[in-house]
Amino acid sequence: VAGGPRRRPGELRARDLAGAALFALALNHKHMAMYYAPAFFSHLLGRCLQRDGMGHKAAGVAALGAVVAGVFAACWWPWLGSAEA
């Protein structure tokens, strides 16, 4: 097949994880991103739930959750660790 290996429709790709990270950054930068948050959330969750097998679905959701939690922790770390905050 030209263009590389074929991918299944529900396969979670690195660009999905990058999209989750960029979306979390957008939420931290401008809270106006909350207006389109449901669309991004449902798209990324749908990508995970299209995978075969319950274990793969759970792993995809866990991977997205870890990326989003990591981005939020990195963005808020200076204030969470501060006694003045």
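Procedures and definitions
Residues numbered from 1 in each chain as written. Predicted model: local features only at pLDDT ≥ 70, side-chain atom pairs only at ≥ 80, totals over all residues. Heavy atoms only, no water. Helix = DSSP H or I, 4+ residues; strand = E, 2+ residues; numbered from the N terminus. Buried < 20%, exposed > 50% of the residue type's maximum accessible area, 1.4 Å probe, protein only. Contact = heavy atoms within 4.5 Å. Areas by Shrake-Rupley, 256 points an atom, 1.4 Å probe, with all protein chains shown as cover. Patch = residues over 30% accessible without salt bridge, like charges linked within 9 Å, V, L, I, M, F, W, Y side chains within 5 Å. Salt bridge = Lys/Arg side-chain N within 4 Å of Asp/Glu carboxyl O. Axes fitted to C-alpha atoms, helices over the stretch in contact; angles between N-to-C directions. Parallel < 35°, antiparallel > 145°, perpendicular 65-115°, else oblique. Left-handed = near helix turned anticlockwise from the far one by under 90°. Nonpolar A, V, L, I, M, F, W, Y, C, P; charged D, E, K, R; others polar.

Right, let's talk about the overall build of the protein for a bit. In terms of regular secondary structure, the protein is built from three helices and zero strands. Taken across its 85 residues, the protein has 21% of its residues classed as buried. Sequence-distant contacts, at least 24 apart, represent 63% of the contacts inside the protein between residues at least 6 apart. Carbon and sulfur atoms make up 67% of the accessible area of the protein, which amounts to about 6,300 Å² in all.

Bringing a nonpolar patch on the surface into the picture now. A cluster of nonpolar side chains, contributed by Phe-72, Trp-76, Trp-79 and Leu-80, occupies part of the molecular surface with about 460 Å² of accessible area. Looking at where Trp-79 falls in the secondary structure, it is placed in helix H3 (residues 54-80). Judged by its relative accessible area of 52%, Trp-79 is exposed.

With respect to the secondary-structure elements, Asn-28 resides in helix H1 (residues 14-29). Of the residues examined, Asn-28 reaches a relative accessible area of 17% and is grouped as buried.

Next up on the list: the packing of H1 against helix H2 (residues 37-49). It is at 11 Å that the axes of H1 and H2 come closest, and there the two elements cross at 155 degrees. Overall, the two elements H1 and H2 adopt an arrangement that is roughly antiparallel. Relative to H2, H1 is oriented so that their crossing is left-handed. Residues Asp-16, Ala-20 and Phe-23 of H1 form the contact with H2, whose own contacting residues are Ala-37, Phe-40, Leu-44 and Arg-47.

On to the packing of H2 against H3. Put simply, H2 and H3 touch, their axes get as near as 8 Å, and they point 150 degrees apart. Contacts between H2 and H3 involve Leu-44, Leu-45, Cys-48 and Leu-49 on the former and, on the latter, Lys-57, Gly-60, Val-61 and Leu-64. By residue class, the composition of the contact of H2 with H3 is six nonpolar, one polar and one charged.

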